[in-house]
Structures are given as structure tokens and as C-alpha cells.
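Chain by chain, the residues:
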Amino acid sequence: MSVKALRATFGPLCHWCALPMDFDEPAGRPESATIEHLNDATLGSVRKQSHRRLAHGACNAARNAFRQQAESQFKAWIAERVMQADVPSPGFSDKHG
Ligand SMILES: [Zn+2]
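No experiment lies behind these values; they were computed from the predicted model shown. (Residues numbered from 1 in each chain as written. Predicted model: local features only at pLDDT ≥ 70, side-chain atom pairs only at ≥ 80, totals over all residues.)

## Comments concerning the overall build of the chain
In terms of regular secondary structure, the chain is built from two helices and two strands. Here the chain holds 97 residues, and 13% of them are scored as buried. A fraction of 51% describes how many contacts in the chain between residues 6 or more apart in sequence connect residues 24 or more apart. (Helix = DSSP H or I, 4+ residues; strand = E, 2+ residues; numbered from the N terminus. Buried ≥ 20, exposed ≤ 12 C-beta atoms within 10 Å, placed from the backbone. Contact = placed C-beta atoms within 7 Å.)

## Quick notes on helix 1 (residues 3-10)
A small share of helix 1 lies buried, amounting to zero of its eight residues. After helix 1 finishes, the residue Gly11 shows a positive phi value of roughly 95 degrees.

## With respect to the nonpolar core
Among the nonpolar cores identified, the biggest contains six residues, and these are Cys14, Met21, Ala33, Leu54, Ala55 and Cys59. Apart from residues no more than four positions distant in its own chain, Met21 is found in contact with Pro12, Leu13, Cys14, Glu31, Ser32, Ala33, Leu54 and His56. (Core = buried A, V, L, I, M, F, W, Y, C linked by C-beta atoms within 7 Å.)

## Looking at helix 2 (residues 57-84)
Compared with an ideal rise of 1.5 Å per residue, which puts 28 residues at 40 Å, helix 2 spans 40 Å between its outermost C-alpha atoms and is within 8% of the ideal. With respect to burial, helix 2 is a largely exposed element, only two of its 28 residues being buried. (Expected span 1.5 Å × (residues − 1).)

## Quick look at the pairing of strand 2 (residues 52-56)
Within strand 2, four of the five residues are buried, leaving the element largely enclosed by the surrounding structure. Sheet analysis places strand 1 (residues 33-37) next to strand 2, joined by five bridges and oriented antiparallel. Note that in strand 2 the partner of Ala33 across the bridge is His56. (Pairing = 2+ DSSP bridges.)

## Digging into the confidence of the model for the chain
With 77% of its residues at a pLDDT of 70 or more, the chain shows a mean pLDDT of 86. Ranking the elements of the chain by mean pLDDT puts strand 1 last with 92 and helix 2 first with 96. (pLDDT = per-residue confidence, 0-100.)

## Re the environment of Ala58
Note that Ala58 resides in helix 2. When the C-alpha atoms of Ala58 and Glu31 are compared, they prove to be 6.4 Å apart, with 27 residues separating the residues in sequence. Contacts of Ala58, omitting those with residues within four sequence positions, involve Pro30 and Glu31.

## Brief notes about the environment of Ile35
Tracing the backbone through its elements, the reader meets Ile35 in strand 1. For Ile35, a count of 14 C-beta atoms within 10 Å puts it in the partly exposed group. Considering only alpha carbons, one finds Ile35 and Asn60, 25 residues apart in sequence, at a separation of 8.2 Å. In contact with Ile35, other than residues within four places in its own chain, are Val3, Leu6, Arg52 and Leu54.

In C-alpha cells:
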């Protein structure tokens, strides 16, 4: 589904901020309409056309950046949790007693 088709289906407003997007060339500017994949590969699922929406380039980029930031913070939290755990990690838990 192209930007043009998504615009015809969902309208000219950004999925995230609901402000009007810029459909003029050239694309790739912060206010340009970009295709947002609501069902990401990060969830382990296949990208589907039905989950595509339009969003500003700026909103799309910010979402990705915040998601990556959250993901790295979560991984750091997990690493700290594992470091502080008294029990062995599950991979080494076959020695009971
Ligand atoms: Zn936006």
C-alpha cells in the first residue's frame, strides 16, 4: 500500500499527532508523510499492510528512537536484574542441590 493509497484510506493527518502532513515532493523531510508500520518486526510478527498508517517523518523517527531507547534501557535493567540474582540463570539450573 503506497502513501497515496494510505492517504485515500486514512486521510491526510498524522497517525500519531493528528496534524496535517506534507505530501509534496521531495519526500524525506520532517513534515513529509511516511509509512508507519504499526505491527513491527520487533514483536516477532510479520508486517501486514492492514497495519500500515501514515505519520510525519519526524513522528516516525521519534517513535523509533524512543522505542530503541526503551529497548536498550529494558535490556540494561534485565542485565542488572540477572547480575543481582542469587539463583543461577535458567541455562545452568540443572544442578539442583
Ligand atoms: Zn505527526
